[in-house]
Amino acid sequence: MSHTPTRDADVVVVGAGPAGLMAARTLSKAGQRVVVLEARDRVGGRTWSDTIDGAFLEIGGQWISPDQTELLGLVDELGKQTFERYREGASVYIAPDGARTVYSGDDFPVSPGTLAEFERLTALLDQLAADLGAEEPWAHPKARELDTVSFHHWLRAQSADEEACNLIGLFIAGGMLTKPTHAFSALQAVLMAASAGSFSNLLDEDFILDKRVVGGMQSVSEAMAAELGDAVVLGAPVRTIAWGEEGNGGVTVTADGGASGRVTVTGRRAILAVPPTLYSRISYVPALPRRQHQLHQHLSMGLVIKVHAVYGRPFWREVGLSGTCFGAGQLVQEIYDNTNHGDSRGTLVGFVSDEKADRLFALSAEERKAAILASMAEYLGDEALMPEVYYESDWGSEEWTRGAYAASFDLGGLSRYGADQRTPVGPIHFACSDIAGEGYQHVDGALRMGRRAAEETIAALAPAL
Ligand SMILES: Cc1cc2nc3c(=O)[nH]c(=O)nc-3n(C[C@H](O)[C@H](O)[C@H](O)COP(=O)(O)OP(=O)(O)OC[C@H]3O[C@@H](n4cnc5c(N)ncnc54)[C@H](O)[C@@H]3O)c2cc1C
């Protein structure tokens, strides 16, 4: 990797997350000259594996599900190994009234009436996900109707069972879009479900949280970057993209960085592989069209605190627990055993989402840690109160991400703008997990979008080659 002031390429890629690196890799394999400009001093974007206080932690994206074939294929191609999440033993459920139940099997330990409602709502969402699909949900005749009602109100229109509605909400709102159910539409929820194959898949932690990469998910991006060598420029936040006439028919991309404080790369095409919420951090000359100006303002990042707690030993396993815990009304809404491959210590990962995260961020760091560990102890006992290592992933504070896990549309936005989110503007193409169908919001979707943008670019350049 290098810090060179002026370069020329066929395609300039902005962002060295999984999407940008996959785009660059695909282009490079097709014989295109490519330069990747990355704002941070590392690659991987929202995948970031680091050792903190002696513990190896997955600060960002980590899990792979069996349907994520683009990612699984790449992991395999790069010669990386995967390992399964620990999943032996019983799970813990905390009901809205605070009652704690240890249970086994797929069914939540709720009343038969709530379970029946939960299953009915699941079947309804599975059907909608199958009918609308992940690639173009906005094109379905029901799209507008589903997009103009919040998921909260849509659920209440289907069922009067609050516990069932909140449990469904947990797996799409708190667990995926990381926004409250009133802040996104039923159509956005259907896209989330369809992107994982079905809503049932989102409920099945053995499916959706199946495997991890030995050495960490960021190592996938690092391996792609290593192949690209000095085509990847770090510490280079892109500030301006001149395109069309101003860009002499191609693009002139200017970033901070390098010895002179400025890096300029000219190219025939650009791939913008950053989250759509960050597009407006870049100046476009000429400005992007009205449609893009509007579209991009209707997407926003969710917010979740990913909590890592590392213990001397995985104490929960000794009492027959898997470490998997759910409680839609609890501060920490879900917990899993996140012990590293070959590690004798035990790691738990927990999640605090949206409005609960807001409340916690208003506290001091000590108060926040105490509140989070107390919530984890309600599920797993007082030993959870004393981890050897404790760390909170705070992506909302990261300038080049600004939230977690990903971006989604506001009410009505998906049916109104979805069809245009992947449409290139002149020589500028778009790629990131936030605009994916299959693998939406996941590393797999980022890779799919990266490959797609690269193929689009190759096709666009072909006649002139
Ligand atoms: C806490 C957390 C947990 C997650 N868990 C999972 C999981 O278990 N499984 C899963 O599959 N996914 C998970 N994800 C989601 C996954 O990490 C993302 O979907 C994926 O990283 C998106 O890749 P991307 O390349 O589209 O975007 P990013 O990873 O965001 O990469 C974009 C890159 O662009 C750079 N950039 C931004 N602006 C500029 C600019 N102006 N100039 C130059 N560079 C710029 C950024 O620095 C970044 O490197 C998780 C995410 C988070 C935050």
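Residues numbered from 1 in each chain as written. Predicted model: local features only at pLDDT ≥ 70, side-chain atom pairs only at ≥ 80, totals over all residues. Heavy atoms only, no water.

Section: the domain arrangement of the protein chain
Line of reasoning, step 1. The domains assigned to the protein chain are domain 1 (6–46 + 218–288 + 425–461), domain 2 (49–66 + 81–87 + 208–213 + 303–397) and domain 3 (111–207).
Line of reasoning, step 2. Once you take the C-alpha centre of each, domain 2 and domain 3 turn out to be 25 Å apart.
Line of reasoning, step 3. Each partner contributes to the interface: domain 2 provides 19 residues, whereas domain 3 provides 18 residues.
Line of reasoning, step 4. Buried area between domain 2 and domain 3, both sides added, is near 1400 Å², and the carbon and sulfur share of it is 62%.
Line of reasoning, step 5. Joining domain 2 to domain 3, the criterion identifies two salt bridges.
Line of reasoning, step 6. Taking the shortest distance from any N to any O, the salt bridge between arginine 85 and aspartate 206 comes out at 2.9 Å.
Line of reasoning, step 7. Connecting domain 2 to domain 3 are 10 residue pairs in polar contact (both at pLDDT 80 or more). (Domains from an automatic or database assignment. Contact = heavy atoms within 4.5 Å. Buried area = accessible area lost by both parts, 1.4 Å probe. Salt bridge = Lys/Arg side-chain N within 4 Å of Asp/Glu carboxyl O. Polar contact = N/O pair within 3.5 Å; in protein donor to acceptor, adjacent residues only side chain to side chain.)

Comments concerning helix 3 (residues 112–132)
Line of reasoning, step 1. Taking 1.5 Å per residue as the helical rise, helix 3 with its 21 residues ought to reach 30 Å, and the 30 Å between its terminal C-alpha atoms agrees with that figure.
Line of reasoning, step 2. Inspection of helix 3 places Thr114, Leu115, Glu117, Phe118, Leu121, Thr122, Leu125, Leu128, Ala129 and Leu132 among the buried residues, and these make up the whole buried set. With its buried residues spanning 160° around the axis, helix 3 presents them on a single face. Exposed and oriented more than 90 degrees from the buried face of helix 3 are Pro112 and Ala130.
Line of reasoning, step 3. Packing partners of the buried residues in helix 3 comprise helix 4 (143–147), helix 5 (151–158), helix 6 (162–177), helix 7 (186–195) and helix 8 (199–203).
Line of reasoning, step 4. Where helix 3 ends, the next residue or the one after it, glycine 133, has phi of about 70°, a positive value. (Helix = DSSP H or I, 4+ residues; strand = E, 2+ residues; numbered from the N terminus. Expected span 1.5 Å × (residues − 1). Buried < 20%, exposed > 50% of the residue type's maximum accessible area, 1.4 Å probe, protein only. Arc of directions from axis to C-beta.)

Digging into the site of the ligand
Line of reasoning, step 1. By nearness alone, 37 residues border the ligand, and Glu38, Arg46, Trp63, Val238 and Ser433 come closest of all.
Line of reasoning, step 2. At a separation of 3.2 Å, an oxygen atom of the ligand approaches a polar backbone atom of proline 18.
Line of reasoning, step 3. Here a nitrogen atom of the ligand and a backbone polar atom of valine 238 are 2.9 Å apart.
Line of reasoning, step 4. For the ligand, whose free accessible area comes to 1000 Å², the fraction covered by protein is 98%.
Line of reasoning, step 5. Considered class by class, the residues forming the shell around the ligand number 22 nonpolar, 11 polar and four charged.
Line of reasoning, step 6. Each of domain 1 (6–46 + 218–288 + 425–461) and domain 2 (49–66 + 81–87 + 208–213 + 303–397) contributes no fewer than three residues to the shell around the ligand. (Near = heavy atom within 4 Å. Areas by Shrake-Rupley, 256 points an atom, 1.4 Å probe, with all protein chains shown as cover. Nonpolar A, V, L, I, M, F, W, Y, C, P; charged D, E, K, R; others polar.)

Side note on the pattern of salt bridges
Line of reasoning, step 1. Summed over the entire model, instances satisfying the criterion amount to 26 salt bridges.
Line of reasoning, step 2. For glutamate 399, the salt bridge is made with arginine 281, and the minimal N-O distance between the two is 3.1 Å. Of this pair, glutamate 399 sits in the loop between strand 21 (389–393) and strand 22 (407–409) while arginine 281 sits in the loop between strand 14 (269–272) and strand 15 (283–285); the two residues are 118 residues apart in sequence, bridging distant segments of the chain.
Line of reasoning, step 3. One network of salt bridges, with partners in common, ties together Arg85, Arg87, Asp206, Asp210 and Lys211.

Points about a negative patch on the surface
Line of reasoning, step 1. Side chains of Asp106, Asp107, Glu119 and Asp204 sit close together on the surface and give a patch of like negative charge.
Line of reasoning, step 2. Checked against the element boundaries, aspartate 106 lands in the loop between strand 8 (100–103) and helix 3. (Patch = residues over 30% accessible without salt bridge, like charges linked within 9 Å, V, L, I, M, F, W, Y side chains within 5 Å. Lys, Arg positive; Asp, Glu negative; His and termini not counted. Charge placed at Lys NZ, Arg CZ, Asp CG, Glu CD.)

Re helix 2 (residues 69–77)
Line of reasoning, step 1. Within helix 2, the full set of buried residues consists of Glu70, Leu71, Leu74 and Val75. Viewed along the axis of helix 2, the buried residues span an arc of 130°, placing them on a single side of the element. Of the residues in helix 2, the exposed ones pointing more than 90 degrees away from the buried face are Asp76 and Glu77.
Line of reasoning, step 2. Trailing helix 2 by a residue or two, glycine 79 shows a phi angle of about 75°, which is positive.

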